[in-house]
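Observations on the model geometry
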2 protein chains.
Amino acid sequence: MTVDEQYDWVSRGALEIISPGELRAKLKKGKTLRIKLGVDPTVPHVTLGWAVVLRKLRHFQQAGHHACLIVGDFTAMIGDPSGKSKTRPMLTREEVQGHVRAIEPQLYKILDPEMTTLYYNADWLGKMDFADVIRLTSKMTVARILERDDFANRLAANQPIGMHEIMYPLCQGQDSVEIEADVELGGSDQKFNNLVGRDLQRAIGQEPQVVLLMPLLVGLDGVDKMSQSLGNYVSITEEPFQMYGKVMSVPDHLLENYYTLCTDVSLAEVSKLIGGHPMEAKKRLAREIVTIYHSSADAGAAEERWLSQYSKKEQPDEIVEATIPDILVKDGKVLLAALIAGIGLASSNGEARRLMRQGGVKLDANKVDDPMLALTPEELSGKVLKVGKHQYRRIT
Amino acid sequence: MTVDEQYDWVSRGALEIISPGELRAKLKKGKTLRIKLGVDPTVPHVTLGWAVVLRKLRHFQQAGHHACLIVGDFTAMIGDPSGKSKTRPMLTREEVQGHVRAIEPQLYKILDPEMTTLYYNADWLGKMDFADVIRLTSKMTVARILERDDFANRLAANQPIGMHEIMYPLCQGQDSVEIEADVELGGSDQKFNNLVGRDLQRAIGQEPQVVLLMPLLVGLDGVDKMSQSLGNYVSITEEPFQMYGKVMSVPDHLLENYYTLCTDVSLAEVSKLIGGHPMEAKKRLAREIVTIYHSSADAGAAEERWLSQYSKKEQPDEIVEATIPDILVKDGKVLLAALIAGIGLASSNGEARRLMRQGGVKLDANKVDDPMLALTPEELSGKVLKVGKHQYRRIT
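Residues numbered from 1 in each chain as written. Chains lettered and ligands numbered in written order. Predicted model: local features only at pLDDT ≥ 70, side-chain atom pairs only at ≥ 80, totals over all residues. Heavy atoms only, no water.

**Structural notes on the relation of the copies chain B and chain A**
To be explicit about the condition: We superpose the copies by least squares over the C-alpha atoms of residues that have a pLDDT of at least 70 in both of them. By the convention used here, residues are in contact when the closest approach between their heavy atoms is within 4.5 Å.
Laying chain B over chain A is done by rotating through 179° and shifting 0.2 Å along the axis; what remains is an RMSD of 0.2 Å. The transformation just described matches what one would write down for a two-fold rotation axis. Judged by C-alpha distance, B:D129 is the residue of chain B that lies nearest the rotation axis, at 1.9 Å. With an isologous cut-off of 70% or more, the 100% of interface residues of chain B that recur at the interface of chain A puts this contact in the isologous class.

**Section: the sheet that holds strand β8 (residues 329-330) of chain B**
How we decide: When DSSP finds two or more bridges between two strands, those strands count as paired. Elements are defined by DSSP. Helices are runs of H or I of four residues or more, strands are runs of E of two residues or more, and each kind is numbered from the N terminus.
Within the open sheet, the three strands sit side by side as β8-β9-β12 (chain B). Their pairing is antiparallel. Only two strands of the sheet have a single partner each, and these edge strands are β8 and β12 (374-375) of chain B.

**Structural notes on the packing of helix α13 (residues 255-262) of chain B against helix α14 (residues 267-275) of chain B**
To characterise two packed helices, one gives the angle between the axes of the helices and the distance between these axes. Residue and element names in this part refer to chain B. Put simply, the test is: To obtain each axis, a line is fitted to C-alpha atoms, and for helices this fit is confined to the stretch in contact; angles are then taken between N-to-C directions over 0 to 180 degrees. Should an angle fall under 35 degrees it is called roughly parallel, over 145 degrees roughly antiparallel, and 65 to 115 degrees roughly perpendicular, with every other angle called oblique. Here is the rule for handedness: rotate from the far helix to the near one, and if that takes an anticlockwise turn smaller than a right angle the crossing is left-handed, while a clockwise turn gives right-handed. Three residue categories are used. Nonpolar comprises Ala, Val, Leu, Ile, Met, Phe, Trp, Tyr, Cys and Pro, charged comprises Asp, Glu, Lys and Arg, and polar comprises the others, including Gly.
Packing of α13 against α14 brings their axes to within 10 Å, and their N-to-C directions diverge by 160°. Here α14 runs roughly antiparallel to α13, going by the angle between their axes. Crossing of α13 over α14 shows right-handed handedness. Across the interface between the two elements, L255, E256, Y259 and T260 of α13 pack against L267, V270, L273 and I274 of α14. Classifying every residue of the contact of α13 with α14 by side-chain character gives six nonpolar, one polar and one charged.

**Some thoughts on the packing of aromatic side chains**
Definition in use: Side-chain rings of Phe, Tyr and Trp, where Trp is taken by its six-membered ring, are said to pair if the distance between their centres is within 6.5 Å; with planes under 30 degrees apart they count as stacked, over 60 as edge-to-face, and otherwise as tilted. Burial here depends on accessible area, computed with a 1.4 Å probe over protein chains only, as a share of the maximum for the residue type. Under 20% is buried, over 50% is exposed, and the range in between is partly exposed. Here, over-ring charges are defined by two tests on the NZ atom of lysine or the CZ atom of arginine: distance to the ring centre within 6 Å, and angle to the ring normal within 35 degrees.
Applying the stated criterion across every chain yields a total of six aromatic pairs over all chains. Relative to A:W306, the ring of A:Y244 has its centre 5.9 Å away and its plane inclined at 55°; by these criteria the two rings are tilted. Here A:W306 lies in helix α16 (residues 296-312) and A:Y244 lies in helix α12 (residues 240-248), a separation of 62 residues in the sequence. Considered together, A:Y244 and A:W306 belong to a single accessibility category, that of buried residues. In this arrangement the basic side chain of B:R24 is found over the ring face of B:Y7, its NZ or CZ atom lying 4.0 Å from the centre. It is B:K246 that lies over the ring of B:Y233; its NZ or CZ is 5.3 Å from the centre.

**What about the sheet that holds strand β1 (residues 16-18) of chain B?**
Residues and elements named next belong to chain B. Judged by pairing direction, the sheet is mixed, and its six strands sit side by side in the order β1-β6-β5-β2-β3-β4 without closing on themselves. Each edge of the sheet is formed by a strand with only one pairing partner; in this case those strands are β1 and β4 (116-120). Put simply, the sheet's adjacent strands are angled 25° from each other on average, direction ignored. Relative to β4, strand β3 (residues 66-71) runs parallel, the two being bridged by five bridges. Across the sheet, residue L69 finds its bridge partner in β4, namely L118. Sheet strands in contact with helix α10 (residues 168-179) are β2 (34-39), β3, β4 and β5 (183-187), and its direction is about 145° off that of β2.

**Overview of the interface of chain B and chain A**
Selection criterion: By definition, the buried area sums, over both parts, the 1.4 Å-probe accessible area that each loses when the two are put together. Any Lys or Arg side-chain nitrogen found within 4 Å of a carboxyl oxygen on Asp or Glu counts as a salt bridge. The term polar contact refers here to a pair of N or O atoms within 3.5 Å; inside protein, the definition further demands a hydrogen-donor-capable atom paired with an acceptor-capable atom, and it admits residues adjacent in sequence only when both atoms are side-chain atoms.
Listed per partner, the contact involves 33 residues of chain B and 33 residues of chain A. The junction of chain B with chain A conceals about 2,800 Å² of combined surface from both sides, 83% of it contributed by carbon and sulfur atoms. At the surface where chain B touches chain A, the tally comes to zero salt bridges. Viewed at the interface, chain A and chain B are joined by eight residue pairs in polar contact (both at pLDDT 80 or more). Put simply, the parts of the chain that give the side of chain B that touches chain A at least two residues each are α4 (73-78), α7 (130-137), α8 (142-145) and α10 of chain B.

**Examining the nonpolar core**
Note the threshold: Nonpolar core, defined: a set of buried Ala, Val, Leu, Ile, Met, Phe, Trp, Tyr and Cys residues in which side-chain atoms within 4.5 Å join the residues together.
Within the largest apolar cluster, 64 residues are counted, with the highest numbers of intra-cluster contacts made by A:F130 and B:F130. In this structure B:F130 touches A:F74, A:L125, A:M128, A:V133, A:L136, A:M167 and A:C171, once residues within four positions along its chain are discounted.

**Quick look at helix α1 (residues 3-11) of chain B**
Structurally, the α-helix is built with 3.6 residues per turn, so residues lying three or four positions apart point the same way. Residue and element names in this part refer to chain B. Here is the rule we go by: Directions are taken from the helix axis to each C-beta atom, and the arc is the one they span.
What α1 keeps buried is the set Q6, Y7, V10 and S11. Seen along its axis, α1 keeps its buried residues to an arc of 110°; they face one direction. Against β1, α2 (20-28), α3 (48-62) and β6 (210-214) lie the buried residues of α1. At the C-terminal side of α1, G13 shows a positive phi close to 80°.

**Comments concerning the pairing of β5(B)**
Residue and element names in this part refer to chain B. Condition: The path from the first strand over the helix to the second decides the hand: if it runs clockwise while the strands point away from the viewer, the crossover is right-handed.
Most of β5 is tucked away, with five of its five residues classed as buried. The side-chain alternation of β5 yields two buried faces, one formed by V183, L185 and G187 and the other by E184 and G186. Pairing geometry for β2 and β5, over two bridges, is parallel. Opposite K36, over in β5, you have E184 as the bridge partner. As paired elements, β5 and β6 share five bridges and run parallel to each other. Looking at β6, one finds that G186 is bridged to L213. With helix α11 (residues 191-203) bridging β5 and the parallel β6, this β-α-β connection has right-handed handedness.

Fair warning: the whole summary comes from geometry, so function is off the table for now.
Quick look at the structure:
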C-alpha cells in the first residue's frame, strides 16, 4: 500500500485523528509503527462495539504495522481502593491472566497473532516506587488533568474526586511511554486519557503518539453505547443464526453507522445500499457481519433460516425488550410517538409521527395511526411494538 | 504537672490549637504523648525563628512527652523533579545525614536528647510502591487538597501546579500515620499540611493528631518572617555579644512578640516590662535570650560590653542594612515616614510621622522633623537612619 492508501484505509470511520498531519508523517517513514490499544481485562466477550477498535487495529496490521495490546492488570490488581465502586473489584494477577487467556481466541478472530504483542502494565507500573511516581506526576499539571470532562463536571458539582482517580490517566499515559507507542487507538470516551500519553511522551523527549478515536457503536436498543452490562450487544462468538437475527434488529437509522464501523464494505457501496430498500440493506449487513466472524456459507444458511421463519409468521422468535424511559411518562401517560423515538426506532418525534400517520406502526398487530396517541405504562407493558417492516420491541 | 498546668505550659504563645478539647483529652490519658515536628534538612542554622517550635517541643518534653523529629530526606532526595525550583536541590541520603549531623548539636541546645527520636521519612516513603501510593491517594479528595491557600490562589490565577506538588502534603501526612503522632507542631504556614496528617490518620482508624500552630517570628527587619535566605535572623549559635547586639536591634513594636515566643518570662511579667521603658525591656530580652543559649554570666558580660560601646558613641559597630522597597518610590522619591514604616521601624506611617515630629528620627546624625520629607533613593543610599533611641538601619 502507498502512504495515501494506508492513510485512507486506517482513517476510515475515525471520529478524530490528532493529528492527521502527524499520522501521515509517521506513515511516510516507512517503518513498522507500534499501534497501542488498552484492553480491559474484566469483560468476558468481544462485542461488535469493542470490535470497532480491534478491527481498526487490524486495519493497521493490514498496512504492515504492529499491534500492542496493553492489559491493564496494574489497576485491576488495586481495584477501587476507596471501596466506592463495585464495578472495579480487586483481581489477582492470576485472575487477570485467566480472563485474558479466555478472551484471547476472540481477539485473534480479528487480529493477526503474528503481528500482535500482549503487554501487562503491572510489569512496569508495579515496579515504580514513590519517588518514580513523584517524577511521573511532575510531568503533568493539576489544571491539565482537571480539564477532563467528568473531572471538571464533578468538581463543579462539588462531587468528590479521589486523588487516586487523577492518577489513573497517568498510568495509561506511562504505558505509551514504556512501549514507545506511535499511535494509540481508543473510543471517543478515551480521548483525554490518550492525550495524556502524548503529553508524557513529549515531556521525556519521545515523539508524541498520534491519537485515533473511533465513534462508540450504539447498541441494539438504538440509544445507549453497546455494552455488556446493558445487554444491548452482539458478541462476536454468537452462533451465525443468532448473530444474523440480532443484526436484523438494528434500528434503521443506525444502518450506515454499522456498515462503516462493523464491515469493510466500501463507503461508495454503503451509500448505494442505504439509498435502496432498508430491508435489503439490513440483510446484506447481517450477512457481512456473520461472514466476518464465521463464514460466507454460515451467513447464507443463517439468512435462509431467518427468512423462512420471518415469512411464516408476523414476528420473530426473539424480540428485543425495551423499557419505557421514566422521563417520557407525563401525567401518568406516554406519548407513543415519543416512546418510538426514545427507544431508538425513529430518529426524532417528528419522524415517529410521520411513520404513524403512514400506517407503519403497530401495537400487538393493531395499527396505531393517531400520532398524538398517549397510553399508560400499564397499557403498554408486555405489548409488542412494531415500527416499519421489521423492527420489533417488547415494551416492559 | 497537673493536666491544667501542662495545658497552660504547652499552649503558651500558640496561635491555634486544633482542637483544645482534644489536646486536653490526650493530656488527661496520662501517657507519654508522641509530639511530631518536621525538620528541613537543608538549612545550616537553628535561628530564633526555628527555635520557636523547637522550644515548644521542649515544653512538651518538660511536661513528660516524647519528641519525634522527622527529617524529610525522602523529598530532599527527589529534589524538584520539574526542575523549576532552584531552592530545592536533589540531595543524596549521605548529604542529608551530613546536614542533620551538623545541626544536631544545635537541636540539642534546646531539646533533651534522651526524650527525642530522629526519624528519616525515606525509611517508609522510600519503600512504598505505586500501588501503595494509589491506596494512599485514595484517602484524599482533589477538592480537599486544592483548599490549601497557595494551591487555590495559583489555580485561580491560572498558574501551573505540578501534580507532584499536591503529593507532598500526603507525604507529610503519611509521616504522622507511620509514627502514630499524638500532636504535630508547626508554624502557621504549615497548618494545611498538618491537617492532612489528621485526615489520613482518621482514614485508617488512628486517633487524629492534635495540631498546634505557633506564630511565625518576624525577623530583625521588622517586616518579613525570620529566615536564613533573607539574612534577617539570629542564629542560636552566635557569640553572646553578637547575639545580644542583634536582639537589641529588634524593632520596639515586636518586643512582646519576642518575649512570648523566644523566652519563658511569665506573661504577667512581660506585660509589666512592655509597659515600662522600652530600652530596659529590650536589654532584659537580650539578656534572657543570651542566657538561654549561653549563660547568665555570658549575658551579663555581653550587656556590659554593649552598653560601654553604646554610651561611648552615637551608633553601634554593626548596623543592619535595609533596602528601599521599590513600591515606595513614587515619582523618583521616597516619603521618609513611609520608608520608616516600610522597613519595620514603626508600626504605621502615622506612627512614623509622630516619631519624626517628636524629633526621634535622624539621618546620619541630622534630625529630620518634617513628617512630609521625601528624598530620592540616591540621596538616601548609604545613609544611617536612626529611629528612636537605638534603632539603626543603613539604607541601601
